[in-house]
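An overview of the molecular structure
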Amino acid sequence: MSTHIAAEPGQIAPVVLFPGDPLRAKWIAENFLEDAELYSETRGMLGYTGTWNGHRVSVQGSGMGQPSMAIYATELFSEYGVQTIVRVGSCGALTEKLNVRDFIIANGASTDSGINRVRFHGLDFAPVADFALLRAAVEASEQLELSSAVHVGQLFSSDQFYSTRPELTEPFVQHGILGVEMEAAGLYTLAAYHGRRALAICTVSDHIVTGEETTAKEREQTFGDMIEIALRAATA
């Protein structure tokens, strides 16, 4: 039983969907998983296990930001033997190449966080997705006829939601970064360290350039497509 998840051995599946919002974890469990059972509500960070198309799948809230995410990902990998984590989150678009409600399947993630600099003694590490998961997610989007809204590219994992220096993202955009969120770089690093598989799929919920935002209903419907992609990829 780990410190922050506190589930019993065997309660968590080898495949985990990983939203930041614990209430989104609850929504995923109620709408996509059969016979979902709550295994943790420690600190309000909900976790459920059920089945999807005959596959045993868990969904676990991670909280916001790399420090919170790292606690839950580390415990899932090291304490519960989880093999695959797919982050299912939201992001802000950094380029007009993307529209609100599009999807980013992240092949890598850059960051302004100091976590990896500490881990790698000041050297740079390039956090990347598991290729098999990445390919399976792209194939799933094609099967669901969603490929026109899917963009494969890098995310920027920021430590600040309310940035005081928004101009600092400009060089990243010039080098092809598509969107900004707060967890992917840390997740990819931890998966590499533990020898496990990870992928981040994010729905564009707001546009940094145009100022466009989604409504609550639109987010729910678009997030549903993202969850379907994630489940197909994770269980392929």
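To be clear, the structure that these remarks concern was listed above.
Because the structure is a prediction, the values reported are computed rather than measured.

Cut-offs and rules
- Residues numbered from 1 in each chain as written.
- Predicted model: local features only at pLDDT ≥ 70, side-chain atom pairs only at ≥ 80, totals over all residues.
- Heavy atoms only, no water.
- Core = buried A, V, L, I, M, F, W, Y, C linked by side-chain atoms within 4.5 Å.
- Buried < 20%, exposed > 50% of the residue type's maximum accessible area, 1.4 Å probe, protein only.
- Helix = DSSP H or I, 4+ residues; strand = E, 2+ residues; numbered from the N terminus.
- Contact = heavy atoms within 4.5 Å.
- 1 Å grid on protein atoms, 1.4 Å probe; cavity = no way out; pocket = protein on both sides within 12 Å on 5 of 7 lines; lining within 4 Å.
- Points joined across faces, edges and corners; volume = space filled by probe spheres on them.
- Nonpolar A, V, L, I, M, F, W, Y, C, P; charged D, E, K, R; others polar.
- Pairing = 2+ DSSP bridges.
- Salt bridge = Lys/Arg side-chain N within 4 Å of Asp/Glu carboxyl O.

1. Side note on the nonpolar core
By size, the foremost hydrophobic cluster in this structure holds 69 residues, and its most contacted members are Ile-12, Leu-17, Phe-18, Ile-85, Leu-199 and Ile-201. Sorting elements by how many residues they give to this core places helix α7 (residues 216-234) first, with eight residues. Those residues within four positions of Ile-85 in sequence are excluded, and the remaining contacts are Val-16, Phe-18, Ala-73, Leu-76, Phe-77, Leu-187, Arg-197, Ala-198 and Leu-199.

2. Digging into the layout of surface pockets
Looking at the largest pocket, its volume works out to about 960 Å³. Of all elements in the fold, only β5 (84-93), α5 (170-174), β8 (179-181) and β9 (197-207) reach the threshold of two or more residues within the lining of the largest pocket. Per-element accounting of the lining of the largest pocket gives the leading share, five residues, to β5. The class makeup of the residues in the lining of the largest pocket is 13 nonpolar, nine polar and 11 charged. The volume enclosed by the second largest pocket comes to roughly 240 Å³. Ser-110, Thr-111, Asp-124, Phe-125 and Pro-127 are the residues nearest the centre of the second largest pocket, which is lined by 15 residues in total. Those elements that place two or more of their residues in the lining of the second largest pocket are β6 (103-111) and α3 (115-119).

3. A closer look at the pairing of strand β2 (residues 34-40)
Sheet topology note: the β2/strand β3 (residues 47-52) ladder contains four bridges and is antiparallel. Across the sheet, Leu-38 pairs through a bridge with Tyr-48, a residue of β3.

4. Brief notes about the pattern of salt bridges
Side chains that differ in charge, positive against negative, can pair when their charged atoms come close. Scanning the model with the defined rule gives six salt bridges in all. Note that Lys-26 and Glu-30 form a salt bridge whose closest N and O atoms lie 2.6 Å from each other. Note that Lys-26 and Glu-30 are positioned in helix α1 (residues 22-32) at a spacing of four residues, about one turn of the helix. Look at Lys-26 and you get partly exposed, because its relative accessible area is 31%. Looking at Glu-30, the relative accessible area reads 53%, which means it is exposed. One salt bridge in this structure joins Glu-167 and Arg-165, with 2.3 Å as the shortest N-O distance.

5. Overview of the pairing of β6
Counting buried positions along β6 gives eight out of nine residues, so the element sits mostly inside the fold. Pairing analysis gives eight bridges linking β6 to strand β7 (residues 150-157), with the strands arranged parallel. Bridge pairing in β7 links Ala-106 to Gly-153. Both β6 and β9 contribute to a ladder of four bridges, which runs antiparallel. Paired with Ala-106 across the strands is Ala-200, a residue of β9.

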